[in-house]
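An overview of the molecular structure
One letter stands for each residue in the lines below.
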Amino acid sequence: MNIFQTLTHIRDQKGAGYIVLIDPDKKNESLIEQQVSVANEAGVDALFVGGSLMMDSKCHERVARIKSASDIPVIFFPGGLSQLNPHYDAMLFMSVISGRNPHYLIGEQVLSAPVVKDLGIETIPTGYMLFDGGANSTVEFMSGTKPIPMNRPDIAVAHGLAGQYLGMKLLYLEAGSGAKISIPTEVISAMAKSVDCPLIVGGGIREPKEAEKRVLAGASFIVTGTVIEDNGSAMMKEFADAIHS
Ligand code: 1GP
């Protein structure tokens with residue numbers, strides 16, 4: 001089974017998958033081994049690794065440390081070409097389909113494709129949809145794109161269908177790391193009713209109960225990052241139990 005098949009199998013078996021995002025940036029230098037070791041034991045299904053902005057040159061070393069400590073798939077969640085390295089099991093080959101910035105729709109992908117081929121990394125075509133989580137997210141600034149308003153499920157569904165018809169295997173509904181408002185259940189259920197691709201939902205999810213509600217609304221995968229960085233790894237098991245119930 002490749003990593004995409006593993007993810008869909010997890011979704012089929014457990015109802016939904018729980019993914020922890022680890023940012024391989026300087027700020028997480030001392031947390032890596034501990035976070036990964038708890039994730040291995042807590043029922044986390046996979047790790048996403050990536051970030052919108054690296055503040056030093058040691059990203060590749062940190063990804064190698066994550067991979068070496070991890071018993072679960074380590075999947076690149078690309079913040080940019082410079083974070084590509086051979087230590088990932090797979091990558092979300094993403095296009096920011098909510099935006100109209102050609103660099104993040106196709107430019108970055110063209111630059112990375114030959115390197116991805118050379119490294120032989122499994123690619124999972126993913127439509128990335130950024131919503132307005134009310135926190136002026138780093139990804140909004142760095143991608144130079146306008147997020148989808150949270151109160152417009154119709155706009156969300158139109159983007160999701162376009163992503164599906166373009167051949168995306170996953171759709172990532174993103175409120176932005178540290179969002180004040182996470183993706184509302186109304187948006188998730190509207191998307192789940194109209195679009196066939198599995199939905200990844202992340203950004204601003206701080207309570208296991210919020211994660212569970214989003215699974216019940218139709219999310220196939222829940223991603224948390226900040227809440228684990230802020231509160232320590234102990235919450236991972238609570239999230240895993242809520243998401244898998
Ligand atoms: C960000 O969706 C992820 O890309 C996770 O967001 O850090 O707010 O959990 P948080």
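Data block above holds the structure.
Residues numbered from 1 in each chain as written. Predicted model: local features only at pLDDT ≥ 70, side-chain atom pairs only at ≥ 80, totals over all residues. Heavy atoms only, no water.

**Considerations on the environment of M129**
Position of M129 among the secondary structure elements: in strand β5 (residues 122–130). For M129, a relative accessible area of 0% gives the class buried. Between the C-alpha atom of M129 and that of S52, which follows or precedes it by 77 residues, the distance is 15 Å. Apart from the residues within four sequence positions on either side, M129 is in contact with I97, S98, I148, A156, H159, G160, L171, Y172, L173, E174 and M191. (Helix = DSSP H or I, 4+ residues; strand = E, 2+ residues; numbered from the N terminus. Buried < 20%, exposed > 50% of the residue type's maximum accessible area, 1.4 Å probe, protein only. Contact = heavy atoms within 4.5 Å.)

**Notes on the pairing of β5**
Within β5, 7 of the 9 residues are buried, which leaves the element mostly enclosed by the surrounding structure. The pairing of strand β4 (residues 90–96) with β5 spans 7 bridges and is parallel. Across the sheet, residue M94 finds its bridge partner in β5, namely T126. Remark: the β4/helix α4 (residues 102–119)/β5 crossover connection has right-handed handedness. Across 5 bridges, β5 lies against strand β6 (residues 170–174) in parallel orientation. What sits directly across from M129, in β6, is L173. (Pairing = 2+ DSSP bridges. Right-handed = clockwise from strand over helix to strand, strands pointing away.)

**Some details on the pairing of β6**
Taken across its 5 residues, β6 has 5 buried, putting it largely inside the fold. Bridge count between β6 and strand β7 (residues 199–202): 4 bridges; the pairing is parallel. Its bridge partner being in β7, E174 is matched across the sheet by G202.

**So, the packing of helix α6 (residues 153–165) against helix α7 (residues 185–194)**
Between α6 and α7, whose axes approach to 9 Å, the crossing angle comes to 40 degrees. Of the two elements, α6 crosses α7, and the hand of that crossing is right-handed. The residues of α7 that touch α6, namely those facing P153, A156, V157, G160 and L161, are V187, A190, M191 and S194. Tallied by class, the residues present in the contact of α6 with α7 amount to 7 nonpolar, 2 polar and no charged. (Axes fitted to C-alpha atoms, helices over the stretch in contact; angles between N-to-C directions. Left-handed = near helix turned anticlockwise from the far one by under 90°. Nonpolar A, V, L, I, M, F, W, Y, C, P; charged D, E, K, R; others polar.)

**Details of the packing of helix α8 (residues 208–217) against helix α10 (residues 235–244)**
Two elements in contact, α8 and α10, have axes whose closest approach is 8 Å; the angle formed by their N-to-C orientations is 25 degrees. If you check the angle between α8 and α10, you find them roughly parallel. The handedness of the crossing between α8 and α10 comes out as right-handed. Counting all contacts with α8, which are made through P208, A211, E212 and V215, the residues of α10 involved are M235, E238, F239, A242 and I243. Among the residues making up the contact of α8 with α10, the classes are represented as 7 nonpolar, no polar and 2 charged. (Parallel < 35°, antiparallel > 145°, perpendicular 65-115°, else oblique.)

**Here we look at helix α3 (residues 59–69)**
C59, R62, V63 and I66 are the residues of α3 that are buried. For α3, the angular spread of buried residues about the axis comes to 100 degrees, placing them on one side. On its buried face, α3 sits against β1 (17–22), α2 (32–42), β2 (46–49) and β3 (74–76). (Arc of directions from axis to C-beta.)

**Here we look at the site of the ligand**
As a structural note, the neighbourhood of the ligand is formed by 13 residues, with E174, S177, G178, G204 and T226 the closest of them. One of the side-chain N or O atoms of S177 is found 2.7 Å from an oxygen atom in the ligand. One nitrogen or oxygen atom from the main chain of G225 is found 2.8 Å from an oxygen atom belonging to the ligand. Starting from 310 Å² of accessible surface for the ligand in isolation, the protein chains cover 97%. Among the detected pockets, the ligand sits in the largest pocket. Residues belonging to the shell around the ligand are distributed by class as follows: 3 nonpolar, 9 polar and 1 charged. (Near = heavy atom within 4 Å. Polar contact = N/O pair within 3.5 Å; in protein donor to acceptor, adjacent residues only side chain to side chain. Areas by Shrake-Rupley, 256 points an atom, 1.4 Å probe, with all protein chains shown as cover. 1 Å grid on protein atoms, 1.4 Å probe; cavity = no way out; pocket = protein on both sides within 12 Å on 5 of 7 lines; lining within 4 Å. Sits in = over half its atoms within 2 Å of the grid points.)

By themselves, these figures tell us nothing about what the structure is for.
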